[in-house]
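Descriptive structure summary
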Amino acid sequence: MRKKSLKFKHMSKNTIKLVFTLLGNQDLLRYIHYLGDYNPLDISLPDVSPSEVKDNNFILTTFNEKILEETKISIFLNPHVSNFARRSTAKDIYELVIAIPYKYWVIEDVGELRAFEIANEIAKSIDFENIVGIGNVYITRAETFKVNNEFSGLVMHFEVTNLNIKFDSDG
């Protein structure tokens with residue numbers, strides 16, 4: 001039997017599947033979209049379009065502070081590190097960075113820190129979940145950071161295990 005490498009086959013599709021899984025959480029969309037000191041989960045506010053958040057807030061690359069905007073939250077998602085040490089499976093570590101203008105860090109009306117509410121909604125959507133076509137997803141690390149005097153953020157790492165090789169029969 002001959003082996004074929006699948007080391008990079010799943011990364012792009014898994015990234016997109018993760019984004020669409022997250023976009024299915026309306027509370028997450030509200031925390032990202034509705035900025036200000038009022039409760040973004042207020043039922044009097046209309047639902048947020050997943051496509052609007054996908055187009056305006058998700059950036060599928062590594063964190064880049066030069067593209068941050070003072071009027072929106074940016075979510076950076078990318079396959080960060082892959083470990084191919086096992087012969088049959090690869091462990092991909094994804095990095096998700098939530099960058100928030102500091103003026104929106106605290107949601108005054110409800111006394112919540114927006115970054116942690118967003119992280120909580122992300123965890124509800126993907127942590128310990130077996131996402132169709134991806135497999136099990138586990139959040140492994142989170143850390144807050146300060147970009148500059150105008151932005152702060154939270155970075156999360158989560159791991160996904162994929163098949164690393166495919167066996168073809170020599171025929």
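Attention here is on the structure that accompanies the text.

Each helix and strand in the chain was counted, giving 4 helices and 10 strands. Ordered by position from the N terminus, the helices and strands of the chain form the series β-α-α-α-β-β-β-β-β-α-β-β-β-β. Counting only residues that meet the buried cut, the chain has 44% of its 171 residues in that class. Long-range pairs, those at least 24 residues apart, make up 61% of the contacts in the chain with a sequence separation of at least 6. Here the chain has roughly 9,200 Å² of accessible surface; of this, 50% comes from carbon and sulfur atoms.

Take the side chain of Ser125 next. Tracing the backbone shows Ser125 in helix 4 (residues 114-126). Reaching out from Ser125, the side chain makes a polar contact with the side chain of Asn25 at a distance of 3.0 Å. Beyond its immediate stretch of four places on either side in the chain, Ser125 contacts Thr21, Leu22 and Asn25.

Take a nonpolar patch on the surface next. A contiguous nonpolar surface patch, about 280 Å² in accessible area, is contributed by Ile16, Phe20 and Leu60. Here Leu60 shows up in the loop between strand 2 (58-59) and strand 3 (74-83).

With 37 residues, the main nonpolar core has Leu18, Leu96, Ile98, Ile118 and Ile122 as its most contacted residues. Of all elements in the fold, only helix 1 (11-23), helix 2 (26-33), strand 3, strand 4 (89-101), helix 4 and strand 9 (151-163) reach the threshold of two or more residues within this core. Not counting chain neighbours up to four residues away, the residues in contact with Ile98 comprise Ile73, Ser74, Ile75, Ala115, Ile118, Ala119, Ile122, Phe145, Ser152, Gly153, Leu154 and Met156. Membership of the second largest hydrophobic core comes to 8 residues, among which are Leu68, Phe76, Val97 and Ala99.

Let's shift gears to the packing of aromatic side chains. On inspection of all chains with the given rule, the structure shows 4 aromatic pairs. Ring centres 5.1 Å apart and planes at 75 degrees place the aromatic pair Phe63 and Phe76 in the edge-to-face group. With Phe63 in the loop between strand 2 and strand 3 and Phe76 in strand 3, the pair connects residues that are 13 residues apart, well separated along the chain. Residue class for Phe63 comes out partly exposed when judged on its relative accessible area of 25%. Taking the centre distance of 5.6 Å and the plane angle of 75 degrees together, the rings of Phe63 and Phe145 count as edge-to-face. Placement of Phe63 in the loop between strand 2 and strand 3 and of Phe145 in strand 8 (residues 135-146) is noted, with a sequence separation of 82 residues between them. Through a chain of ring-to-ring contacts, three or more aromatic side chains come together here, namely Phe63, Phe76 and Phe145.

Counted under the stated rule, the structure contains 5 salt bridges. Note that Lys72 is salt-bridged to Glu69, the shortest N-O span being 3.6 Å. Classification of Glu69 as partly exposed rests on a relative accessible area of 38%. With its nearest N and O atoms 3.0 Å apart, the salt bridge here joins Lys124 to Glu121. Of this pair, Lys124 and Glu121 are both found in helix 4, 3 residues apart, which corresponds to roughly one turn of the helix. A relative accessible area of 5% places Glu121 in the buried class.

Attention now moves to the packing of helix 2 against helix 4. Taken N-terminus to C-terminus, the directions of helix 2 and helix 4 make an angle of 155 degrees; their axes are 9 Å apart at the nearest point. In terms of axis orientation, helix 2 runs roughly antiparallel to helix 4. Crossing of helix 2 over helix 4 shows left-handed handedness. Contact with helix 2, carried on its side by Asp27, Leu28, Tyr31 and Ile32, involves Arg114, Glu117, Ile118, Glu121 and Ile122 of helix 4 and no other residues of that element. The residue inventory of the contact of helix 2 with helix 4, partitioned by class, reads 5 nonpolar, no polar and 4 charged.

Rules behind the numbers
Residues numbered from 1 in each chain as written. Predicted model: local features only at pLDDT ≥ 70, side-chain atom pairs only at ≥ 80, totals over all residues. Heavy atoms only, no water. Helix = DSSP H or I, 4+ residues; strand = E, 2+ residues; numbered from the N terminus. Buried < 20%, exposed > 50% of the residue type's maximum accessible area, 1.4 Å probe, protein only. Contact = heavy atoms within 4.5 Å. Areas by Shrake-Rupley, 256 points an atom, 1.4 Å probe, with all protein chains shown as cover. Polar contact = N/O pair within 3.5 Å; in protein donor to acceptor, adjacent residues only side chain to side chain. Patch = residues over 30% accessible without salt bridge, like charges linked within 9 Å, V, L, I, M, F, W, Y side chains within 5 Å. Salt bridge = Lys/Arg side-chain N within 4 Å of Asp/Glu carboxyl O. Core = buried A, V, L, I, M, F, W, Y, C linked by side-chain atoms within 4.5 Å. Phe/Tyr/Trp six-rings, centres within 6.5 Å; stacked < 30°, edge-to-face > 60°. Axes fitted to C-alpha atoms, helices over the stretch in contact; angles between N-to-C directions. Parallel < 35°, antiparallel > 145°, perpendicular 65-115°, else oblique. Left-handed = near helix turned anticlockwise from the far one by under 90°. Nonpolar A, V, L, I, M, F, W, Y, C, P; charged D, E, K, R; others polar.

This is a description of form; function is not addressed.
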